[in-house]
Amino acid sequence: MNLLWLQSGGCGGCTLSWLGSGHGSLFHELKDEGIELLWHPSVSEAGVDEARALIEQCADGRVAVDVLCIEGSLLRGPRGTGGFHRFGGGAQPMIEWVRQIASRARHVVAIGSCSSWGGITAAGINPTDACGLQYDGEAAGGLLGPDFRDHGGLPVINVAGCPPHPDWITETLAMLAHGRLRAEHLDDFGRPRFFADQLVHHGCPRNEYYEFKASAEKSSDQGCLMEHLGCGGTQAHADCNQRLWNGEGSCLRGGYACIRCTEPGFEEPGHPFESTPKVAGIPIGLPSDMPKAWFIALAALSKSATPTRVRENAHSDHLLRAPSVKRTKR
Amino acid sequence: MSTRRVVGPFNRVEGDLEITLEIERGRIAAAYVNSPLYRGFEQILQGKVPADALVLVPRICGICSVAQSAASALALADAAGIAPPPNGRLAANLTLAAENMADHLTHFYLFFMPDFAHADYATRPWHATIAERFRATTGSAPNQILPARARFMQMMGLLAGKWPHTLAVQPGGSTRPLQSSEIFRLHRTLREFRQFLETVTFGARLEDVAAITSRAQLEAYRTGAGGGDLRTFLAIADDIDLWHLGRGTDRFMSYGCYQEEDRRLFPAGLWHGAAEAFDVAAIQEDISHAWYAAAGLPQHPAAGSTLPVEEKDGAYSWCKAPRLAGQVVETGALARQVVAGHPLARDMIGGCGGSVAARVVARLLELSLVLPAMERWLNQLAPGEPWCISAQPADETSGVGLVEAARGSLGHWITVRRGRIHNYQIIAPTTWNFSPRDAQGQPGALEQALAGLPASDTETLPAAIHHVVRSFDPCMVCTVH
Ligand code: SF4
Ligand code: SF4
């Protein structure tokens, strides 16, 4: 299976995340899965004239593309011309190249939240009219339109994340290479379900603090970050606390909130990222699938039942009280 | 009669790069550098609460995301009038150093060296060996480097939660308190990386590389035993004379970085044949040749604006042209070490000025200088002591954050009005190095370094041009942002 990777209006961080794959050399991993890089701007040998010639051949069909990976938002501005991003060496805007090659490619994969939904590049006043390949925020559409399907009937596959975990990318590509990715393996937003059917909250080391609503009040506290510091882990679809980052990391293990970077529209949460918006003391963003009345009742109950150990540790940057040791045999 | 040739996309650089060459009698008469991508971060940041900058600015750049975080955290700390506790300062140094060192490694092995595997060099006696080792994606080096780099970046998992794009680097310190057992793990990872560099990259102890003080000693090292990819590079550099290729302005600038208790590991300064007075107040951004609405004269970044326009006479880049007291400067590892007074760095530019070889050697030299400092910082961490203090920025305030990214000097200037970001201006290292012309017609550093090189408008682009461009380790996503 051959793969063409193009970078559009993003930061290149998806590629850098991918290169950090922790399973030996990424290049060997790809080879082992039967994936051949036609071209990738950061790692391939071919530059300038050779690269342009190849892209032209991919666009007019002389070179068949099995998988087109796009990293970075699609910039439609100014005034729909796409002029904020040209592919170097010629006049044609990037969005035109993407449209042409996507119409011929066997599969189209959005790498990262920028090419999935618009992402950070679409934040604020969205100066460049940035969008994703098949979504503009939560709305189906984007550059290729809501009805886009690849030659196998799949929509754009959204390996969301800012950036995505290296394994999300490689495993998605491996599933495609082995013909094992079908429509039922994608969630409602086109994300591969192997990582999107989890919540960041699952496996978070702060779960005990969450249970008792023993909350961190400032950065570097050990408590749960949901009540005050903006954590969206109970609503974010990703397995970040189960499949760890860079060996043994995750946002929560790093001491800061999950900003829901795999979700469409995460770039504009409607409140400061690192603080939790509340109405009458209750966080607005309730955990997924949790009825509000129950949340309030349980929160009140669990707060009153918080063990001293949990309450004190929540407001400290290191363990003040260890779990007590009980002897069961005399 | 001159002909024009538009060259792009340059690959194995971070982001989008295109260069227009004016070719006359087989040489480059003039070069015009452009990044054909504009995203508008300075516009996106306006109106946000100041702390949101910590989420947004790392996403300017996937390769120097921590440097962007660090500059932003410093600017916010400056605006709030606070400084992190010692643990916070040390953690910030370690996080930035881990990114910078990984970048130097990535640049050498993945971006720069593969050019020597190109068929252009098929007649050189070293070509077959070099191609086997450094060929992009299939060579033995890239496949050896990726796992070592990933292993080293596990430091980021512990120090910063994840890389790229962390929120651990805060104005008041680090969100990630480390316990003693975790500090041991970080030591272990550093030791592994040291061993990797000493066997694979240098064939020598880091301390011995750091102690090289002159070109003559570098030559003695090269001919010595021990192997290592730096020796290989030095042999190529002598064979095809990379010491006289890619001379720029020879005016070297560094903001200084890695704050220690009473000094910075690498100090700030300006060097032009000798140390010169360095004043950040003398920085101005010229937009005469960039696609932005003119605000009259060049502005200091604290007063700068970013308003993109579709058409503008004479403009050819999305990159502004920063100048220091009206002068073009070069920034990067070479500049940093020249300013810091490393004898080898000074000696390398003594005869032939800034060059492709000197820039590459300076980067690897930094690996040998910074890794021992990282070991020292780890030893200074004090579990149980504070890691982060809280800060409430004033509603009307301003601040500046200056750091050194792998590629050179990075500055953030923030102005806060009524508790919201009123203006946020960024000048990245490659904005300096790859700037377009200014109102006086002075070409940017790369534009100067390319002028005079052989080129033709019909044949494939000479390898020398690739070497010069990549010797700056450009990051185009940062450049324009
Ligand atoms: S910090 Fe976030 S992810 Fe962790 S337990 Fe609290 S809500 Fe869940
Ligand atoms: S924890 Fe949340 S913000 Fe962090 S990477 Fe995962 S989904 Fe993104």
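Rules of the game
Residues numbered from 1 in each chain as written. Chains lettered and ligands numbered in written order. Predicted model: local features only at pLDDT ≥ 70, side-chain atom pairs only at ≥ 80, totals over all residues. Heavy atoms only, no water. 1 Å grid on protein atoms, 1.4 Å probe; cavity = no way out; pocket = protein on both sides within 12 Å on 5 of 7 lines; lining within 4 Å. Points joined across faces, edges and corners; volume = space filled by probe spheres on them. Nonpolar A, V, L, I, M, F, W, Y, C, P; charged D, E, K, R; others polar. Helix = DSSP H or I, 4+ residues; strand = E, 2+ residues; numbered from the N terminus. Near = heavy atom within 4 Å. Sits in = over half its atoms within 2 Å of the grid points. Contact = heavy atoms within 4.5 Å. Buried area = accessible area lost by both parts, 1.4 Å probe. Salt bridge = Lys/Arg side-chain N within 4 Å of Asp/Glu carboxyl O. Polar contact = N/O pair within 3.5 Å; in protein donor to acceptor, adjacent residues only side chain to side chain.

For the rest of this paragraph, the subject is the layout of surface pockets. Residues and elements named next belong to chain B. Of the voids in this model, the largest pocket is the one considered here, and its volume is about 760 Å³. Along the lines of polarity and charge, the residues of the lining of the largest pocket split into 18 nonpolar, nine polar and five charged. Counted as a void, the second largest pocket has a volume near 500 Å³. What lines the second largest pocket is a set of 26 residues, and nearest its centre among them are A70, L74, P84, A92 and Q259. Elements that contribute at least two residues to the lining of the second largest pocket include exactly helix 3 (65–80), helix 4 (86–112), strand 4 (169–170), strand 7 (257–259) and strand 13 (397–405).

What follows concerns the site of ligand 1. Neighbouring residues of ligand 1: H201, C204, R206, N207, Y210, C224, L225, M226, C231, G233, T234 and L252 of chain A. Across the shell around ligand 1, the residue classes tally to seven nonpolar, four polar and one charged.

Quick look at the site of ligand 2 now. All residues adjacent to ligand 2 are V200, A238, C240, W245, C251, C258, I259, R260 and C261 of chain A together with K162 of chain B. More than one chain reaches ligand 2: its neighbouring residues belong to chains A and B. Because more than half of its atoms lie within 2 Å of the grid, ligand 2 is assigned to the largest cavity.

With that out of the way, let us pick up the interface of chain A and chain B. Listed by partner, the interface residues are 74 residues for chain A and 78 residues for chain B. A buried area of about 6,100 Å², summed over both sides, lies between chain A and chain B, and 59% of it is on carbon and sulfur atoms. Inspection of the region where chain A meets chain B yields five salt bridges. Applying the counting rule to chain A against chain B returns 29 residue pairs in polar contact (both at pLDDT 80 or more). Every element with two or more residues in the side of chain A that touches chain B is listed here: helix 1 (13–19), helix 2 (26–32), strand 2 (36–39) and helix 3 (48–60) of chain A. Looking at the side of chain A that touches chain B, the element that brings in the most residues is helix 3 of chain A, giving five residues. Its residues assigned to classes, the side of chain A that touches chain B comprises 29 nonpolar, 33 polar and 12 charged.

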